[in-house]
Amino acid sequence: MTDMSRGAAYLNGEFMPLAEARIPVTHWGYRRSDVTYDVVGVRDGAFFRLEDHLRRFRASMTRLRMAPPESDDRIRAILHRVVALSGLRDAYVAMDCLRASPAPGAPRHPAYAPSYLMCYAVPWVWVASPEMIDRGMHLMIPKVRRIPPESFDPRVKNFHWGDLTEGQFEALDAGADFAVLLDGAGNVTEGPGFNVFCVIGGVVATPATGALDGITRASVMELCAELGLPLELRDIPAEEFRAADEIFGCTTAGGIMPAARIDGRRMNNDAPGPVSTALKDLFWKKRATGWHATPVDYAAAG
Ligand code: PLP
């Protein structure tokens, strides 16, 4: 059997090693970032919140008027199969829906470009390294602002990363790990691949709008309820964020990621704060006991 431990993919109805999955460079998924995607994590042989990711992926496709031939049941089965083919117990599992290009002679309009599905599983990827998460991320607020929701809905997971990428170069120049971008009104939105929270006087807060409705963010909300922590969904102005007692990010590929610095200011003696740490520890403790877990059907490889 072919070794797919470095990645297994599904494209055009077929399963293959990831290195063999190719899309035409003329497709609008590539040339116009006309694509939506989702990423679900597999740890210890089980998906985390698989149904939530499938639901969000379908909502994103519908919002972009994309309708690949595969049903949600079929996509679920494909995700099991790519992980099973890879044999990975810890995997980063992507589902992308791309628009092709209109057939020759058809109008140059996206309505004439069919959409199609591409899925893959690769070894687990960390947004922030485990060492960075342990010491606390160094965050900064860059000059570049997040694309306004009026221009592209950030709740549709997308590849319009020009702003986030520029933010990362500003972070590099400032000696920070990650940028957290503001919206046009000066309120905090999100970082490159993660949602953000802050803790002020024991109250946990996260932006109500302007960011992806992260699935890890939803998990953090559940954990806040479990720990009896008050939680607010609201606008968070930059000044308030810069002065917060604690800040943390969260994402599928990293879980809960405490920060130790914001714009050079050291929080909690330059270390992760107690609330962030309690949430992070509870998150992984519950994950280890099967919280929101769906075991991968490894027999699907056969
Ligand atoms: N915000 C952005 C821009 C992202 O790309 C991601 C994940 O990749 C997140 C937030 C976190 O979302 P989730 O917790 O669903 O992985």
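Naming follows an unreviewed UniProt entry, where the chain appears as Probable branched-chain-amino-acid aminotransferase of Frigidibacter mobilis. Under the heading Sequence similarities (unreviewed entry), UniProt records this for the chain: "Belongs to the class-IV pyridoxal-phosphate-dependent aminotransferase family." Under the Cofactor (unreviewed entry) heading, UniProt states for the chain: "pyridoxal 5'-phosphate".

Student: I would appreciate a short explanation of helix α8 (residues 274–288) in the present structure.
Tutor: An α-helical turn contains 3.6 residues, so any two residues separated by three or four positions project in the same direction. The terminal C-alpha atoms of α8, which comprises 15 residues, lie 21 Å apart, in line with the 21 Å expected from a rise of 1.5 Å per residue. One or two residues past the end of α8 sits G290, with phi positive at roughly 90°.

Student: Help me understand the nonpolar core in this model?
Tutor: Soluble globular proteins tend to bury their nonpolar side chains together. Judged by nonpolar contacts, the single largest core of 30 residues is most densely connected at F47, L79 and V93. Those elements that place two or more of their residues in this core are β1 (8–11), β3 (35–43), α2 (50–63), α3 (72–86), β5 (91–99) and β6 (115–123). The element contributing the most residues to this core is α3, with seven residues.

Student: Would you explain a nonpolar patch on the surface in this entry?
Tutor: On the surface, I23, V25 and Y30 cluster together into a nonpolar patch covering about 300 Å² of accessible area. You can see V25 is positioned in the loop between β2 (14–17) and α1 (28–31). According to the relative accessible area criterion, V25 is exposed, its value standing at 57%.

Student: Explain the domain arrangement of the chain to me, please; I cannot follow it from the model alone.
Tutor: How big an interface is tends to be stated in terms of the accessible area lost upon association of its parts. The domain boundaries assigned to the chain delineate domain 1 (8–124) and domain 2 (130–288). For domain 1 versus domain 2, the separation of C-alpha centres amounts to 27 Å. Residue-level contacts link 21 residues of domain 1 with 22 residues of domain 2. At the boundary of domain 1 with domain 2, total buried surface from both sides reaches about 1800 Å², with 63% on carbon and sulfur atoms. In this assembly, domain 1 and domain 2 are joined by one salt bridge. Of the charged contacts, one joins E222 and R49 as a salt bridge, the two residues approaching to 2.9 Å between their closest N and O atoms. Viewed at the interface, domain 2 and domain 1 are joined by five residue pairs in polar contact (both at pLDDT 80 or more). Those elements that provide at least two residues to the side of domain 1 that touches domain 2 are β3, α2 and β5. Per-element tally for the side of domain 1 that touches domain 2: the top contributor is β3, with eight residues. Residue classes in the side of domain 1 that touches domain 2 are distributed as eight nonpolar, five polar and eight charged.

Rules used throughout
Residue numbers restart at each chain and count upward from 1, following the sequence in its written direction. Given that the model is predicted, a residue must reach a pLDDT of at least 70 before its local features are reported, and side-chain atom pairs must reach 80 or more before they are shown or counted; all residues, however, enter totals for whole chains, interfaces and linings. The side-chain figures draw on all heavy atoms in the structure; neither hydrogens nor water molecules are used. UniProt positions are given in the numbering used here, feature names are shortened, and annotations may be inferred rather than shown by experiment. In DSSP terms, a helix is any run of H or I states spanning at least four residues, a strand is any run of E spanning at least two, and both are numbered starting from the N terminus. One less than the residue count of a helix, multiplied by 1.5 Å, gives the span that helix is expected to have. Buried Ala, Val, Leu, Ile, Met, Phe, Trp, Tyr and Cys residues form a nonpolar core when they are joined through side-chain atoms within 4.5 Å. Partly exposed describes any residue whose relative accessible area lies between the buried limit of under 20% and the exposed limit of over 50%, with all areas from a 1.4 Å probe on protein chains only and scaled to the type maximum. The patch calculation keeps residues exceeding 30% relative accessible area without a salt bridge and links them within 9 Å when they carry like charges or within 5 Å when they are nonpolar (Val, Leu, Ile, Met, Phe, Trp, Tyr). Residue-level accessible areas treat just the shown protein chains as cover; the underlying method is Shrake-Rupley with a 1.4 Å probe. For salt bridges, the criterion is a side-chain nitrogen of Lys or Arg within 4 Å of an Asp or Glu carboxyl oxygen. An automatic or database domain assignment supplies the start and end points of every domain. The contact definition used throughout considers only heavy atoms, calling two residues in contact when any of these lie within 4.5 Å. Accessible area, probed at 1.4 Å, shrinks when two parts are joined; the buried area is that loss added up over both. Polar contacts, as used here, are pairs of N or O atoms within 3.5 Å; protein pairs need one atom able to donate a hydrogen and one able to accept it. Residues neighboring in sequence count only if both atoms are side-chain atoms. Each residue receives one of three labels: charged for Asp, Glu, Lys and Arg, nonpolar for Ala, Val, Leu, Ile, Met, Phe, Trp, Tyr, Cys and Pro, and polar for the others, Gly being one of them.

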